[in-house]
Amino acid sequence: MERLDLKVGFECNNKCHFCVQGDKRYKFAPKSLEELQKSLADNRKDIDSVVFTGGEPTMHPHFLELVKTARDLNYRKIQIQTNGRMFANENFARAAVEAGANEYSPAIHGPNAEIHDWLVQAPGAFKQGIRGIQNMKKLGVPVVVNSVLVRPNYRHLPQTAQLMVALGVSQFQFAFVHALGTAAKYFQMIVPRKALCEPFVKKGIDIGLRGGIFVMTEAIPYCFMEGYEKYVAEQYIPRTRIIDAKFVVEDYTEYRWNEGKLKGEPCRQCAYNDICEGPWREYPEFFGWEEFKPRSSKSDVA
Ligand code: SF4
């Protein structure tokens with residue numbers, strides 16, 4: 001396995017309309033420091049890269065100590081996947097880096113406070129997220145930004161890409177919403193049609209590339225990515241073991257292929273069938289397969 005995804009708990013200071021974890025924050029208490037340290041030590045036997053996730057990992061009362069434990073165990077890469085709000089505090093950002101964080105992955109879901117703050121239901125979150133990126137850049141940490149692609153923001157992807165270029169992030173990624181948890185509850189309001197997103201996604205990628213930034217997309221199959229196949233993230237996502245609340249996903253890639261995602265009738269005649277994971281299954285289960293047009297030939301993949 002190449003990476004450990006350690007969910008430290010499900011507390012969060014945002015309430016995103018598209019949160020896949022739904023109401024887990026009310027069901028599971030944060031894991032204890034001892035339990036998490038044991039997970040870090042046990043998994044270090046065969047993995048040297050860890051990403052702290054949740055919920056919001058910085059809400060864990062022992063967050064900095066956990067990062068330090070990962071460093072003491074010689075994890076090579078220590079990524080923080082976060083809503084980024086805590087990192088607006090320069091002292092906190094510095095403490096996280098001093099503890100060992102060496103890759104920063106915040107979430108920005110739009111080009112301005114109006115869109116972002118509404119999506120995450122937290123006034124001031126956008127401003128804090130941007131300040132966090134600036135702080136971590138100043139500290140010399142690579143910044144990999146994630147934007148969840150949803151109905152209220154997809155038309156603004158090009159402007160979001162422009163913002164990423166202006167901020168000088170190392171990489172950004174558009175991840176198509178996975179309709180689980182809160183996103184399932186608000187499905188009609190939140191899940192856009194992939195075919196409508198396609199031109200905005202491609203424009204966003206062009207803007208990023210022109211600005212010298214590495215851009216990726218997630219959960220957007222190759223039939224919506226003609227000419228942009230090499231930006232499909234699933235080709236590069238490291239094999240990941242997920243330690244969730246009460247269970248372990250041994251291999252997230254296998255989970256996506258076998259359970260999370262789905263193939264349909266059009267895929268049978270598609271040139272990308274062998275490497276494409278298909279969409280998250282909830283999408284065609286609701287909208288059907290009409291939009292999915294099989295590709296006649298393969299080109300330009302990684
Ligand atoms: S295999 Fe299916 S989902 Fe994937 S690109 Fe082809 S038609 Fe689209």
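Residues numbered from 1 in each chain as written. Predicted model: local features only at pLDDT ≥ 70, side-chain atom pairs only at ≥ 80, totals over all residues. Heavy atoms only, no water.

Q: So what's going on with the overall build of the protein chain? Residues and values would help.
A: When helices and strands are tallied, the protein chain shows 12 helices and nine strands. Dimensions of the protein chain along its principal axes, counting C-alpha atoms only, are 50 × 40 × 35 Å. A total of about 13400 Å² of accessible surface is found on the protein chain, and carbon and sulfur atoms cover 50% of it. Charge separation in the protein chain, taken as the distance between the mean sites of 40 positive and 36 negative side-chain charges, equals 3 Å. (Helix = DSSP H or I, 4+ residues; strand = E, 2+ residues; numbered from the N terminus. Areas by Shrake-Rupley, 256 points an atom, 1.4 Å probe, with all protein chains shown as cover. Lys, Arg positive; Asp, Glu negative; His and termini not counted. Charge placed at Lys NZ, Arg CZ, Asp CG, Glu CD.)

Q: I'd like a rundown of the layout of surface pockets, residues and numbers included.
A: Of the voids in this model, the second largest pocket is the one considered here, and its volume is about 220 Å³. Taken together, K15, C16, C19, G22, D23, R25, Y26, Q121, G181, T182, K185 and Y186 form the lining of the second largest pocket. Class assignment of the residues belonging to the lining of the second largest pocket gives a composition of four nonpolar, four polar and four charged. (1 Å grid on protein atoms, 1.4 Å probe; cavity = no way out; pocket = protein on both sides within 12 Å on 5 of 7 lines; lining within 4 Å. Points joined across faces, edges and corners; volume = space filled by probe spheres on them. Nonpolar A, V, L, I, M, F, W, Y, C, P; charged D, E, K, R; others polar.)

Q: Tell me what's going on with helix α10 (residues 194-210), and back it up with residues and numbers.
A: Relative to the 24 Å expected for 17 residues at 1.5 Å per residue, α10 spans 24 Å between its end C-alpha atoms, a close match to the ideal helical length. Taken as a whole, α10 has its buried residues at K194, C197, V201, K202, G204, I205, I207 and G208. Looking one or two residues past α10, G212 carries a phi angle of roughly 80 degrees, positive in sign. (Expected span 1.5 Å × (residues − 1). Buried < 20%, exposed > 50% of the residue type's maximum accessible area, 1.4 Å probe, protein only.)

Q: Got a sec to walk through the pattern of salt bridges? Specific residues and values, please.
A: Two side chains with opposite charge may pair up if their charged atoms get near one another. By the definition in use, this model includes 23 salt bridges. A salt bridge links D72 to R71; the nearest nitrogen and oxygen atoms lie 3.9 Å apart. The class for R71 is partly exposed, based on a relative accessible area of 35%. R256 is the salt-bridge partner of E277, the closest N and O atoms lying 2.8 Å from each other. Note that E277 is positioned in the loop between α11 (252-260) and α12 (282-287) and R256 in helix α11, a separation of 21 residues in sequence. Look at R256 and you get buried, because its relative accessible area is 2%. One continuous salt-bridge network, built from bridges that share partners, spans E234, R256, K261 and E277. (Salt bridge = Lys/Arg side-chain N within 4 Å of Asp/Glu carboxyl O.)

Q: Lay out empty space enclosed by the protein with the relevant residues and their values.
A: Applying the stated criterion across every chain, the model contains four cavities of 30 Å³ or more. For the largest cavity, the calculated volume is near 100 Å³. Taken together, the residues of the lining of the largest cavity break down into nine nonpolar, one polar and two charged.

Q: Could you give me a rundown of the sheet that holds strand β7 (residues 214-218), with the residues and numbers involved?
A: The strands making up a sheet associate through backbone hydrogen bonding, with each pair oriented either parallel or antiparallel. Across the sheet, three strands lie side by side as β5-β6-β7; this open sheet has parallel pairing. Edge strands, defined here as strands with exactly one partner in the open sheet, are β5 (144-149) and β7. Within this sheet the neighbouring strands show an average axis-to-axis angle of 20 degrees, counted without direction. In terms of strand pairing, β5 meets strand β6 (residues 171-176) through six bridges, oriented parallel. (Pairing = 2+ DSSP bridges. Axes fitted to C-alpha atoms, helices over the stretch in contact; angles between N-to-C directions.)

Q: Residue-level account of the packing of aromatic side chains, with values.
A: The tally for this structure, following the rule as stated, stands at 18 aromatic pairs. Where F187 meets F286, the ring centres are 4.4 Å apart and the plane angle is 40 degrees; that geometry is what we call tilted. Of the two residues, F187 is situated in helix α9 (residues 187-190) and F286 in helix α12; the sequence distance between them amounts to 99 residues. Here Y252 and Y255 contribute two aromatic rings whose centre-to-centre distance is 5.9 Å and whose plane-to-plane angle is 10 degrees, an arrangement assigned as stacked. Separated by three residues within a single helix, Y252 and Y255 lie in helix α11, roughly one turn from each other. (Phe/Tyr/Trp six-rings, centres within 6.5 Å; stacked < 30°, edge-to-face > 60°.)

Q: Any details on the side chain of K24? Residues and values, ideally.
A: One can find K24 in helix α1 (residues 24-27). Reaching out from K24, the side chain makes a polar contact with the side chain of Q21 at a distance of 2.9 Å. The residues touching K24, leaving out its near neighbours within four places in the chain, are F10 and D244. (Polar contact = N/O pair within 3.5 Å; in protein donor to acceptor, adjacent residues only side chain to side chain. Contact = heavy atoms within 4.5 Å.)

All quantities given are derived from atomic positions and should not be read as evidence of function.
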